[in-house]
Amino acid sequence: MIPLRPVTAPEREPGARGEPLWRDLVGEVLRRERRAQERTLKEVADEARISLPYLSEIERGRKEASSEVLGAAAHALGLGLGDLLSRAQGELARRARRNAAPHRPYDGLCMAA
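A brief report on the enclosed structure follows. None of the values given here were measured: they were computed from a predicted structure. (Residues numbered from 1 in each chain as written. Predicted model: local features only at pLDDT ≥ 70, side-chain atom pairs only at ≥ 80, totals over all residues. Heavy atoms only, no water.)

1. Concerning the overall build of the protein chain
The number of helices and strands found in the protein chain is 5 helices and 0 strands. Helices and strands appear in the protein chain in the N-to-C order α-α-α-α-α. Per-residue burial for the protein chain yields a buried fraction of 31% across its 113 residues. Summarising the internal contacts of the protein chain: among those between residues at least 6 apart in sequence, 58% fall at separations of at least 24. For the protein chain, the exposed area adds up to about 8,600 Å²; of that, 55% sits on carbon and sulfur atoms. (Helix = DSSP H or I, 4+ residues; strand = E, 2+ residues; numbered from the N terminus. Buried < 20%, exposed > 50% of the residue type's maximum accessible area, 1.4 Å probe, protein only. Contact = heavy atoms within 4.5 Å. Areas by Shrake-Rupley, 256 points an atom, 1.4 Å probe, with all protein chains shown as cover.)

Pasting the structure below:
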């Protein structure tokens, strides 16, 4: 008899090759900017006309928000949609550089027959 495992929420797996998910990066940028402005979720959600629970889900990377919703959240924080996406892309590039294997020059022998 096969033992049963308890049912739990699926574990979050990063995208292909361990890269972060875009929704996680965008959510992190939104949350970081909101906190830097010392604003509450409610304040930003009200100004963006997004429900507070939905904005929270976006910030936590749980929802793939449309460009209209992301634009509204960005504008509520004084950013353009391009600014938000550019910051998320910058974070993706930083993580890729940090996780890349260091380049090592070849220092072995070469033998010809």
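2. Quick word on the packing of helix α1 (residues 22-36) against helix α3 (residues 52-59)
In the contact formed by α1 and α3, the axes pass within 7 Å of each other and the chain directions differ by 115°. Contacts between α1 and α3 involve R23, G27, E28, L30, R31 and R34 from the former and S56, I58 and E59 from the latter. Residue composition of the contact of α1 with α3, by class: 2 nonpolar, 2 polar and 5 charged. (Axes fitted to C-alpha atoms, helices over the stretch in contact; angles between N-to-C directions. Nonpolar A, V, L, I, M, F, W, Y, C, P; charged D, E, K, R; others polar.)

3. Some remarks on the nonpolar core
Residues V26, L30, I50, L55, I58, L70 and L84 are the most contacted members of the largest nonpolar core, which totals 21 residues. Looking at this core, the elements with two or more residues in it are α1, α2 (41-48), α3, α4 (67-76) and α5 (81-99). If you tally residues by element for this core, the top one is α4, at 5 residues. In this structure L55 touches L41, V44, A45, I50 and A73, once residues within four positions along its chain are discounted. (Core = buried A, V, L, I, M, F, W, Y, C linked by side-chain atoms within 4.5 Å.)

4. Remarks on unusual backbone geometry
Its identity as a non-glycine residue notwithstanding, E38 has a phi of 55°, on the positive side. By the secondary structure assignment, E38 is in the loop between α1 and α2. Residue classification places E38 among the exposed positions, given a relative accessible area of 73%.

5. Digging into α1
Under the 1.5 Å per step criterion, the end-to-end length of α1 is 21 Å for 15 residues, consistent within 8% with the ideal 21 Å. Taken residue by residue, α1 has D24, L25, V26, G27, V29, L30, E33 and R34 as its buried positions. In this structure, the buried residues of α1 make contact with α2, α3, α4 and α5. Two residues or fewer past α1, E38 is found with a positive phi of approximately 55°. (Expected span 1.5 Å × (residues − 1).)

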